[in-house]
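# Examining the three-dimensional arrangement
Each chain, written out:
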Amino acid sequence: MREHERRLFISARMVAERAGVSRSAVSRTFTDGASVSEETRRKVLEAARALGYHVNHLARGLRERSNIVCLVVADIATPIRAKLIDELTRKLQAAGKITMVINTETDTDSVSAALGMTLNYRADATVVLSGTPSASLIETCLANGQQVVLINRDDPLSGGHNLGVDNGFAGREAFFLLKRAGCRRLGVVTSTARTASLLEREHVFTEAAEAAGIPVSVIAAGPTSYASGLEAARRVFGRSEAPDGVFCVTDLLALGFMDGARDEFGLDIPRDLCVVGFDDIAQSDWRAYRLTTFSQPLTEMAEHVVALIAQSALASDERRVFEPMPVWRNSVRPSTR
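Parameters and conventions
Residues numbered from 1 in each chain as written. Predicted model: local features only at pLDDT ≥ 70, side-chain atom pairs only at ≥ 80, totals over all residues. Heavy atoms only, no water. Helix = DSSP H or I, 4+ residues; strand = E, 2+ residues; numbered from the N terminus. Buried < 20%, exposed > 50% of the residue type's maximum accessible area, 1.4 Å probe, protein only. Contact = heavy atoms within 4.5 Å. Phe/Tyr/Trp six-rings, centres within 6.5 Å; stacked < 30°, edge-to-face > 60°. Lys NZ or Arg CZ within 6 Å of the ring centre and 35° of its normal. Pairing = 2+ DSSP bridges. Axes fitted to C-alpha atoms, helices over the stretch in contact; angles between N-to-C directions. Right-handed = clockwise from strand over helix to strand, strands pointing away. Parallel < 35°, antiparallel > 145°, perpendicular 65-115°, else oblique. Left-handed = near helix turned anticlockwise from the far one by under 90°. Nonpolar A, V, L, I, M, F, W, Y, C, P; charged D, E, K, R; others polar.

### Observations concerning the overall build of the chain
Each helix and strand in the chain was counted, giving 12 helices and 12 strands. The burial tally for the chain puts 50% of its 337 residues in the buried class. By sequence separation, contacts in the chain at least 24 residues apart represent 70% of the contacts at least 6 residues apart.

Here is the structure:
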């Protein structure tokens, strides 16, 4: 019997035997407000943890799928993450699913407790957006029979679905756009987050530039935020030999970088400086920016996730990759050819 199947068959009786208590004591331990001594509670909880047991609240009244889908989200306040959550929740609800959002911008213990809730209520699936939680917590979901879908994670796990965006394509195309515009000194503005997606965009862009004999400077001024983009502009343009073409690995960084270049150093975009972003957040189309960028196909990705969950699709070790689409605006000069 596979590990996740074994865990599904763990019963209150097995917990009671391991803890050396009655089954009614196990039931009282997992019932809010029920009377149970602290010593008994401790024994039961220790036995449950050792066995990987999670009380199934829904099974007390239901014997069918819960229709609950848990979204485990990092950087929930950023525009691109909020847009993806919006796409996922609307499409999951249209498919008759109940969504539970876990914000992982908290300490590890809180995240573990929240994931424990999804196991207690037997969520059918967990969708993990990039960032935390750790692989071990995801493995717990898999071990308890859940479908797991990973989005933009660099640690594909056996038994889960994995999908992401072709970041290398964006890195190569960003270089081509800036080279075609006549830029001769290039830069990459990234963040200290150093996630797999950000690193791939940076590395592919840098490799393409170096292969063409064009120097590249890399600036990481802080987390993936507007403020970090602003600080990057101060560092870049406060010295000689500043770049005239920059690839910002996210739009948030690009917006801060553009404001810093224009407002604090008087540069004209795109005459003096060309900028390319990534994500195509709503703000990138504002008149103050009109940022040339790459759009993640969030609607298509969300539809794919819903289809996997609705069909109870078997996991595959293959990673589904979606191609970002270039969005042409005014932050890059037309070709100099």
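### Structural notes on the packing of aromatic side chains
Counting across every chain of the model gives 5 aromatic pairs. Ring geometry for phenylalanine 237 against phenylalanine 265: centres 5.8 Å apart, planes inclined by 50 degrees, an arrangement best described as tilted. Here phenylalanine 237 is found in helix α10 (residues 226–237), whereas its partner phenylalanine 265 is found in the loop between α11 (251–263) and β9 (274–276), with 28 residues between them in sequence. Taking the relative accessible area as the measure of exposure, phenylalanine 237 reaches 13% and is therefore buried. Here the aromatic residues Phe175, Phe205 and Phe247 are joined through ring pairs into a cluster of three or more. The ring of phenylalanine 278 carries arginine 201 above its face, with NZ or CZ at 3.7 Å from the centroid.

### Quick word on the sheet that holds strand β5 (residues 161–165)
One key point about sheets: their strands pair by backbone hydrogen bonds, in either a parallel or an antiparallel sense. Here we have 6 strands laid out as an open sheet, ordered β2-β1-β3-β4-β5-β11, and parallel in their pairing. Edge strands, defined here as strands with exactly one partner in the open sheet, are β2 (98–103) and β11 (319–322). Strand after strand, the sheet turns through a mean of 20 degrees between neighbouring axes, direction not considered. For strand β1 (residues 68–73) and β2, the ladder comprises 6 bridges, and the chain directions are parallel. Opposite valine 69, over in β2, you have threonine 99 as the bridge partner.

### Things to note about unusual backbone geometry
Here the residue pair isoleucine 269 and proline 270 is connected by a cis peptide bond, since its omega of 15 degrees sits within 30 degrees of zero. Even without glycine at this site, aspartate 280 takes up a positive phi of about 60 degrees. Inspection of the secondary structure puts aspartate 280 in the loop between β9 and β10 (293–295). For aspartate 280, a relative accessible area of 14% translates into the label buried. The phi angle at arginine 290 is positive, at roughly 45 degrees, despite the residue not being glycine. Assignment of secondary structure puts arginine 290 in the loop between β9 and β10. Residue arginine 290 is classed as partly exposed on the basis of its relative accessible area, which comes to 26%.

### What about the pairing of strand β6 (residues 186–190)?
Among the 5 residues in β6, 5 count as buried, and that is most of the element. By the alternation rule, side chains of β6 split into Leu186, Val188 and Thr190 and Gly187 and Val189, which are all buried. Here 5 bridges tie β6 to strand β7 (residues 216–220), and the two strands are oriented parallel to one another. The residue of β7 that forms the bridge with valine 188 is valine 218. Between the parallel elements β6 and β7, the chain passes through helix α9 (residues 196–211) in a crossover that is right-handed. Where β6 and strand β8 (residues 245–248) come together, 4 bridges link them in parallel fashion. Bridge assignment links glycine 187 to a residue of β8, and that residue is valine 246.

### What to know about the packing of helix α5 (residues 79–94) against helix α12 (residues 298–310)
Describing two packed helices takes the angle between their axes plus the distance from one axis to the other. In the contact formed by α5 and α12, the axes pass within 9 Å of each other and the chain directions differ by 40 degrees. Between α5 and α12, the interaxial angle falls into the category oblique. For the pair α5 and α12, the sense of crossing is right-handed. The residues of α12 that touch α5, namely those facing Ile80, Lys83, Leu84, Glu87, Leu88, Lys91 and Leu92, are Leu298, Thr299, Ala302, Glu303, Val305, Val306 and Ile309. Of the residues in the contact of α5 with α12, the class split is 9 nonpolar, 1 polar and 4 charged.

In short, geometric facts, not functional conclusions.
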